[in-house]
Amino acid sequence: MQNHQVSWFEIGTDNPEATMDFYGKLFGWKFIPYHDMENDYYNIVEPGNEYPTGGILATAGKVAEYSTFYTLVADVAKSIASAKEAGAQVIWGPVTDKTGLTFARLRDNGGHQFGLFSSGN
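Let me begin by describing the structure that accompanies this report. Everything numeric in this text was worked out from a predicted model, so none of it was measured.

### A short note on helix α2 (residues 76-85)
Right, so step 1: Three or more residues of α2 are buried, namely Val76, Ser79, Ile80 and Ala83. The arc that holds every buried residue of α2, seen down its axis, measures 105°, which confines them to one face. Facing away from the buried surface of α2 by more than 90 degrees, the exposed residues are Lys78 and Glu85.
Right, so step 2: Immediately downstream of α2, the backbone of Gly87 shows phi near 110°, a positive value.

### A look at helix α1 (residues 16-27)
What sets the pattern is the α-helix's 3.6 residues per turn: residues three or four places apart point alike.
Right, so step 1: Relative to the 16 Å expected for twelve residues at 1.5 Å per residue, α1 spans 16 Å between its end C-alpha atoms, a close match to the ideal helical length.
Right, so step 2: Buried within α1 we find Pro16, Thr19 and Met20. Along the long axis of α1, the arc covered by the buried residues comes to 95°, so they all point the same way. Facing away from the buried side of α1 by more than 90 degrees, the exposed set consists of Glu17 and Lys25.
Right, so step 3: Where α1 is buried, its residues touch β1 (6-13), β2 (30-34), β3 (41-45) and β4 (54-58).
Right, so step 4: Of the residues one or two after α1, Gly28 is the one with positive phi, at around 75°.

### Considering the pairing of β1
Right, so step 1: Burial analysis of β1 places six of its eight residues in the buried class, which makes it a mostly covered element.
Right, so step 2: Where β1 lies against strand β5 (residues 66-72), six bridges are found, and the strand directions are antiparallel. Pairing of Trp8 across the sheet is with Tyr70, part of β5.
Right, so step 3: Bridge count for β1 against β4 is five bridges, and the pairing is parallel. Looking across to β4, one finds that Gly12 is bridged to Leu57.

What counts as what
Residues numbered from 1 in each chain as written. Predicted model: local features only at pLDDT ≥ 70, side-chain atom pairs only at ≥ 80, totals over all residues. Heavy atoms only, no water. Buried < 20%, exposed > 50% of the residue type's maximum accessible area, 1.4 Å probe, protein only. Helix = DSSP H or I, 4+ residues; strand = E, 2+ residues; numbered from the N terminus. Arc of directions from axis to C-beta. Expected span 1.5 Å × (residues − 1). Contact = heavy atoms within 4.5 Å. Pairing = 2+ DSSP bridges.

Set out below in structure tokens:
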């Protein structure tokens with residue numbers, strides 16, 4: 001993966017089982033539980049891929065349902081500062097999980113959600 005490329009996507013849903021059933025049947029996606037998040041999370045493995053390229057977050061009614069993308073960056077905090085200078089607002093984060101992955105969700109100057117993440121390596 002290279003910096004500044006869309007490298008992850010995420011679907012937030014109150015009903016992860018139905019969402020996984022839908023996309024599993026439609027696209028043949030497989031789902032792997034991911035236990036390093038506060039909420040239930042499932043990594044998505046698309047056909048032909050060895051590694052996950054997206055995830056499903058069980059929102060538990062805490063936030064509106066959504067679909068969004070994440071862009072890989074070298075430094076999440078620095079990228080947040082640049083995004084804010086361009087008119088973005090931080091929705092939440094940055095957060096670092098147990099594996100060192102740091103991520104945040106923002107709203108661009110037009111109100112569209114997007115995410116940033118870095119691997120911590």
